[in-house]
Amino acid sequence: MKQTKNLIIGFGKAGKTLAATFDKHGESTILVEESAQMYGGTCINVGCIPSKKLLFAGKKHDFASAMAQKTALISALRQANFKKVDDLANVEVINATASFVNDHTVELSTGEQITAERIFINTGAVSIMPKIAGIDGKRIYNSTQMLNLGDTQDSHPERLVIVGGGFIALEFAFMYQAFGSKVSIIELNDTLLAKEDDDVREVMQGLLAERGIEVHLGTSVEQFVEQDTHTEVLTNKLTLEADAVLVAIGRRANTDGLKLENTSVQLDERGYVVCNDKLKASDHIWALGDVAGSPQFTYISLDDYRIVVDDLFGSGTRSRNDRQIFPTSVFIEPPLSHIGMTEKQARASGRDYQVAKLPANSVPKAKIVNQTQGFLKAIIDKQTREILGVTLFCENSHEIINLFKLAMDNGIKADYFKSQIFTHPTISEAINDLFGQF
């Protein structure tokens, strides 16, 4: 039986960074990762990086070339991540699956057992696959499989049906449409992106229509039927023929096989590990990232790491309660980025708010790059001038939105942006005109 100070299950963003910190403190650490194809975690291997590489490459290259570029990039990043951790003097990386014997002991698929003073669960999330007849068909894929479709075929599917209308589904819709696929989206709800403001939905629907992407709202899939040359997608309203079907209805905590029932760790009603605001699941066990029910972004996993390290080695003042607001981006074309309240949320809050909005086609840089669709929008408290929320549905929004995280965290009021100096020609300078409306 092996003994170690720290045992980390999962080579994700939080886990790998935590291992490096323990090494700096001279603490022994074992990092267990189920798959050698997942060094670095979801983001690098089957999430943010490959999807954004394909979205970018799809504008300039064919399917096979884009997939080859993606694979080369991910392989290099995966190896670099492994080496960075494996080279640490106090860290051992083991390829195996892990299951708990008790709060201090884990058994590996190799038959070996490890005891540790501290154990950290960093196993991420996996795609939800609903119980629909025929879902085990050979043309039915989850998001990971769609990112790696180039491993098994040289060209894009002529007809792609996407089950689900969320942001992951939309990114894949834009991606595969750029490759040349005829894309159809099946959404169970009667409204696309129901939580978003009406103007966001209107622009999104226009972008989809412009690209010939069909959206079937209020539609449920009843069965998948495999034919010799295609798959039939039977719904409550129509039947679609597909060369590939992507199921993108969400992700769930990856706790399969961990045998958490042998520990004091509890799961919530959605299957995520129950943690306190310092991410402790028990006296000796922590959970970080997606599996802990944290928002499913790699930068939030990194923030989970910061909370744990601060609790173990710092002031112990950081917690999940600190991050009330954080920016998000959807990498469609143009990207949609947001922070804080939507207009819908501001209205529901009962606050006396004010809205400013600027069409992207009024921005010189947008015209230069021929991306004039979308808008910039800000919501402020009418009395205090506090920035309540910002939505940027425009070119380069994923970079600009981070400015407002800094502003909102530091109490910078709306009026500051009226006369701020920005470079020209940029999308950023449009912030002057946007906030000049207040």
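Residues numbered from 1 in each chain as written. Predicted model: local features only at pLDDT ≥ 70, side-chain atom pairs only at ≥ 80, totals over all residues. Heavy atoms only, no water.

1. Focus: the sheet that holds strand S8 (residues 140-141)
Argument step 1. With parallel pairing, five strands are arranged side by side in an open sheet as S8-S15-S9-S10-S11. Looking at strand neighbours, the two that pair on one side only are S8 and strand S11 (214-216), the edges of this open sheet.
Argument step 2. As paired elements, strand S10 (residues 182-186) and S11 share three bridges and run parallel to each other. Looking at S11, one finds that Ile185 is bridged to Val215.
Argument step 3. Sheet contacts for helix H6 (residues 167-179): strand S9 (159-163), S10 and strand S15 (244-247); angle to S10, the most-contacted strand, approximately 165°. (Pairing = 2+ DSSP bridges. Helix = DSSP H or I, 4+ residues; strand = E, 2+ residues; numbered from the N terminus. Contact = heavy atoms within 4.5 Å. Axes fitted to C-alpha atoms, helices over the stretch in contact; angles between N-to-C directions.)

2. Examining the UniProt feature "domain: Pyridine nucleotide-disulphide oxidoreductase dimerisation" (unreviewed entry) in the protein
Argument step 1. With numbering matched to this structure, UniProt assigns "domain: Pyridine nucleotide-disulphide oxidoreductase dimerisation" (unreviewed entry) to residues 327-433.
Argument step 2. Taken as a whole, residues 327-433 contains 27% helix and 27% strand, while its terminal C-alpha atoms sit 21 Å from one another. (UniProt positions renumbered as here; feature names shortened; annotations may be inferred.)

3. Quick notes on the packing of aromatic side chains
Argument step 1. Enumeration according to the criterion identifies 16 aromatic pairs in this entry.
Argument step 2. With a centroid separation of 5.2 Å and 20° between ring planes, the pair formed by Phe297 and Tyr299 is classed as stacked.
Argument step 3. Looking at Phe297, the relative accessible area reads 27%, which means it is partly exposed.
Argument step 4. Residue classification places Tyr299 among the partly exposed positions, given a relative accessible area of 34%.
Argument step 5. Ring geometry for Phe375 and Phe393: centres 6.1 Å apart, planes at 70°, overall edge-to-face. Of this pair, Phe375 sits in strand S21 (residues 375-381) while Phe393 sits in strand S22 (residues 387-393), and the two are 18 residues apart along the sequence. Pair check on accessibility: Phe375 and Phe393 agree, each one buried.
Argument step 6. Members of the aromatic cluster, each reached through a chain of ring pairs, are Phe404, Tyr416, Phe417, Phe435 and Phe438.
Argument step 7. The residue whose ring lies beneath Lys357 is Phe375, and the NZ or CZ to ring-centre distance is 4.4 Å. (Phe/Tyr/Trp six-rings, centres within 6.5 Å; stacked < 30°, edge-to-face > 60°. Buried < 20%, exposed > 50% of the residue type's maximum accessible area, 1.4 Å probe, protein only. Lys NZ or Arg CZ within 6 Å of the ring centre and 35° of its normal.)

4. Observations concerning the domain arrangement of the protein
Argument step 1. Domain annotation of the protein identifies domain 1 (2-126 + 252-322), domain 2 (140-249) and domain 3 (327-436).
Argument step 2. Domain 1 and domain 3 are separated by 34 Å when their C-alpha centres are compared.
Argument step 3. Counting residues at the interface gives five residues for domain 1, matched by four residues for domain 3.
Argument step 4. Buried surface at the junction of domain 1 and domain 3, summed over both partners, amounts to about 360 Å²; 61% is from carbon and sulfur atoms.
Argument step 5. For the pair domain 1 and domain 3, the interface holds one salt bridge.
Argument step 6. Scanning the region where domain 1 abuts domain 3 turns up two residue pairs in polar contact (both at pLDDT 80 or more).
Argument step 7. For the side of domain 1 that touches domain 3, the per-class residue count stands at three nonpolar, no polar and two charged. (Domains from an automatic or database assignment. Buried area = accessible area lost by both parts, 1.4 Å probe. Salt bridge = Lys/Arg side-chain N within 4 Å of Asp/Glu carboxyl O. Polar contact = N/O pair within 3.5 Å; in protein donor to acceptor, adjacent residues only side chain to side chain. Nonpolar A, V, L, I, M, F, W, Y, C, P; charged D, E, K, R; others polar.)

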